[in-house]
Amino acid sequence: MSTSATSAAPDRTSAARHGPTTSPRGARSDRARRERRAAYLFMAPNLIGLTVFVAIPMLLSIVLAFFRVDGFGGYDFVGFANFQRMFSDPYFLSSLGRTLLYLVVLVPGLFLSGLGLALLVRHRFPLVGLFRTALFAPNVVSLVVVALIWQFLLTDDVGFIARLLDRVGLTAPSWLGDPAFALPTVMIITIWFSMGYYMLIFLAGLQDIPREYYEVASIDGAGPWTTFRNVTWPLLKPTSFFILLTSTIAVMTGGLDLLVILTGGGPANSTTLIIYYVYQQAFVYGEFGYAAAISSFLVLILLAWSALLFALTKGGRFSHAQ
Amino acid sequence: MPSETATLSRPATRPTASPGRRMSWRRRRSATLFVVVGVITILTVFPLVWMLTSSFKGPDEVLSTDLLPSAPTVDNFDYVFSAAPFGRYLFNSFVVSATVTVVALFFHSMAAYALARLRFPGRDAIFLGIFSTLLVTAPVVLVPLFLVVHRLGLLNSYAGLILPAIFSAFGIFLLRQFYLAIPAELEEAAVLDGCGYWRIYWSIILPLSRSIFAALAVLFFLANWNAFLWPLVATTDADLQVVQLGIASFQEQNTVDWQYVLAAATVAAVPTLLAFAIFQRRIVESIKTSGMK
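Residues numbered from 1 in each chain as written. Chains lettered and ligands numbered in written order. Predicted model: local features only at pLDDT ≥ 70, side-chain atom pairs only at ≥ 80, totals over all residues. Heavy atoms only, no water.

Novice: Can you walk me through the overall build of chain A in this structure?
Specialist: Helix and strand counts for chain A come out as 14 helices and two strands. Counting only residues that meet the buried cut, chain A has 52% of its 322 residues in that class. Long-range pairs, those at least 24 residues apart, make up 66% of the contacts in chain A between residues at least 6 apart in sequence. When the accessible area of chain A is evaluated, it comes to approximately 15,000 Å², of which 65% is carbon and sulfur surface. (Helix = DSSP H or I, 4+ residues; strand = E, 2+ residues; numbered from the N terminus. Buried < 20%, exposed > 50% of the residue type's maximum accessible area, 1.4 Å probe, protein only. Contact = heavy atoms within 4.5 Å. Areas by Shrake-Rupley, 256 points an atom, 1.4 Å probe, with all protein chains shown as cover.)

In structure tokens, the structure reads:
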């Protein structure tokens, strides 16, 4: 990453070429100043935008967490009351447990389905381009459309899935109406529409691995598992890091559109994940302060998780990628 | 997956295999992959195909288990466009999504270039700051973002739909990872030639970014076309309704008439599927070209 050693040399030569009036030291600091100014200008639009539309709302959310907001705009400072309430609120605690289960199933599920598909479609065979496109297709439509399609397919008794199972002599459960089935159904639908995205990211990572590594492994007589372990897996680490990080965030905070339209958090709260609970507290019960406290807690968990991943991988750069 | 990699290494472990055997092994691997991936693909796209074909079915047929309608009809689409201003919905969605995509790619790559290739004090801290906003997804800040946009007077405007959607750390992060891998020699030559940083960005970094831009553009466009929650809270004006809001409210009014609901969903989904099909070819192409560098 650091190019200071290599770039110091051209500095000195260019300074020498410009004659004795500019000392090497002056040229270097002049260039450093120009580089600094350029960098800040390059980042300015994003820094302003992220401040106004992300950082300020985030800080506001933390501030709101210490207030009780009543009906139409009355704010009462309540200290840590919202946080205390969280840990004595059985509905919050059960949504927390449900979210952890959701996370433990979905993050590995998305990782493995994405990697598996990418390993299959990285090869050349007839129509592979079409298959790649088609596998990504469910990711292309909105969650509103996804919710409508599955509501239609999973309709009790007369829906396509129910009739299909009926034809082979099975009775379909009420996929979205039975508390035991609703969350697993949401998980399967989530894998269905997300796996193509993770496949594409993994595929890009796989295509970045130089072919020579595989040629060397093949000359050495390495078996498929050895090749995967010693070539594919280590060289795929930056991609895996990226996917582990983004999928955790997506699973923890995403899919709200789906829950709002498909299940409304039910039945019997069985699909009330934390993010839905936040939405419910804010927009159904008008508890903006309490909702803000819960989402601050959520952000805190994600921060800790990212910090851990970053620490373990040295900033996502990994040793071999410098 | 294991069986496929197992066959992959076979000619390698037996380098003496005749060309004929090698060919037949290749053909067999191809055939196996074709069948396995083909079946997975058919199962995956089935729900989408079912939506498309069902939207051409009449009310008496929409719940049948036949894939194709016996008497295809476009009545459902006629009803959708006459019962709600779907043309306006589609126009609004397009304006918002296209604007966000173009501006975001430009801004994100500028920041990513600075973070990956330039040296300046506070770089790591700024990167970490930008990166940490990645954790703040739209649903988490929905309420406070609403308050901020309200204070700026941007509710019920295109600006209110567009501006908050431009700024996200996702593109910056991905592009930075990409730019970190660019060999330093390319830039050093340009620096020796006396090129400014804007020139380096414009004529070295941007052309190298084409393939990743194609991939990101698709993702950005889709994310914004498909956005539901933010437009829901940021607009009440009927003229600013985007297509996702349109189909969601359309469903509430036509709960039992599945043929109408599916036709509306098809109207929202088909442009995205088409745009993706077109863009996908460009992605595959740019992957091929970048493989030659």
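Novice: Please explain the confidence of the model for chain B as it appears in this structure.
Specialist: The predicted coordinates should not be examined in detail at positions where pLDDT is low. Residue and element names in this part refer to chain B. Mean pLDDT over chain B stands at 84; residues scoring 70 or higher make up 88%. This model gives residues 1-15 a pLDDT under 50, and the stretch forms 24 contacts once residues within four places in sequence are excluded. Counting contacts from residues 284-293, a segment whose pLDDT is below 50, to residues more than four positions away or on other chains yields two contacts. (pLDDT = per-residue confidence, 0-100.)

Novice: What am I meant to see in the packing of aromatic side chains here?
Specialist: For any two aromatic rings, the description comes down to two numbers: the centre-to-centre distance and the angle of the planes. Inspection of the entire model under this criterion finds 47 aromatic pairs over all chains. Considering the side-chain rings of Phe81 of chain B and Phe86 of chain B, the 6.1 Å spacing of their centres and the 65° angle between planes classify their relative orientation as edge-to-face. Judged by relative accessible area, which is 40%, Phe81 of chain B ranks as partly exposed. Classification of Phe86 of chain B by relative accessible area gives buried; the value is 0%. Taken together, the ring pairs in this structure connect Phe42 and Phe53 of chain A together with Phe106, Phe107, Tyr113, Phe167, Trp198, Tyr201 and Trp202 of chain B into an aromatic cluster. For the cation-ring pair, Arg176 of chain B lies above Phe127 of chain B, with the distance from its terminal atom to the ring centre recorded as 3.7 Å. (Phe/Tyr/Trp six-rings, centres within 6.5 Å; stacked < 30°, edge-to-face > 60°. Lys NZ or Arg CZ within 6 Å of the ring centre and 35° of its normal.)

Novice: Can you help me understand the side chain of Ser61 of chain A in this one?
Specialist: As for its placement among the helices and strands, Ser61 of chain A is situated in helix H2 (residues 24-64). Among all residues touching Ser61 of chain A, those that are not within four sequence positions of it are Ala292, Ser295 and Ser296 of chain A together with Pro144 of chain B.

Novice: I tried to follow the interface of chain B and chain A on my own but got confused; where do I start?
Specialist: The parts lose accessible area when they come together, and the size of an interface is often stated as this lost area. Listed per partner, the contact involves 106 residues of chain B and 96 residues of chain A. At the boundary of chain B with chain A, total buried surface from both sides reaches about 9,100 Å², with 78% on carbon and sulfur atoms. Considering only the surface of chain B that becomes buried against chain A, Arg119, Leu135 and Tyr197 of chain B emerge as the three largest contributors, covering 8% of it. Joining chain B to chain A, the criterion identifies one salt bridge. Glu35 of chain A serves as the salt-bridge partner of Arg119 of chain B, at 3.5 Å between the closest nitrogen and oxygen. (Buried area = accessible area lost by both parts, 1.4 Å probe. Salt bridge = Lys/Arg side-chain N within 4 Å of Asp/Glu carboxyl O.)

Novice: I'm lost on the pattern of salt bridges in this one. Help?
Specialist: In a structure, side chains of opposite charge can pair up when their charged atoms sit close to one another. Residues and elements named next belong to chain A. This structure, assessed with the given rule, holds six salt bridges over all chains. Asp30 is the salt-bridge partner of Arg33, the closest N and O atoms lying 3.4 Å from each other. With Arg33 and Asp30 both in helix H2 and three residues apart, the pair spans about one turn of that helix. Exposure remark for Asp30: the relative accessible area of 36% places this residue in the partly exposed category. Through salt bridges that share partners, Arg68, Arg85 and Glu287 make up one connected network.

Novice: Any chance you could explain the environment of Gly196 of chain A here in plain terms?
Specialist: Residues and elements named next belong to chain A. Note that Gly196 resides in helix H8 (residues 179-208). Here Gly196 falls in the buried class, since its relative accessible area comes to 1%. Taking the C-alpha atoms as reference points, Gly196 and Val140, separated by 56 residues in sequence, lie 9.3 Å from one another. Each residue touching Gly196, except ones within four places of it in the same chain, is listed here: Leu135 and Phe136.

Novice: Please clarify how unusual backbone geometry should be interpreted in this entry.
Specialist: Glycine aside, negative phi is the norm for most residues, and most peptide bonds take the trans geometry. Residue and element names in this part refer to chain A. In this structure, Asp157 takes a positive phi of about 65° despite not being glycine. Note that Asp157 resides in the loop between helix H6 (143-153) and helix H7 (160-167). A relative accessible area of 68% means that Asp157 is categorised as exposed. Despite not being glycine, Asn269 shows a phi value in the positive range, around 65°. Relative to the helices and strands, Asn269 is located in the loop between helix H12 (256-262) and helix H13 (274-284).

Novice: How do you make sense of the environment of Leu235 of chain A when you look at a structure like this?
Specialist: Of note, Leu235 of chain A is situated in helix H10 (residues 224-235). Sequence separation between Leu235 of chain A and Tyr213 of chain A is 22 residues, and the spatial gap between their C-alpha atoms is 9.9 Å.

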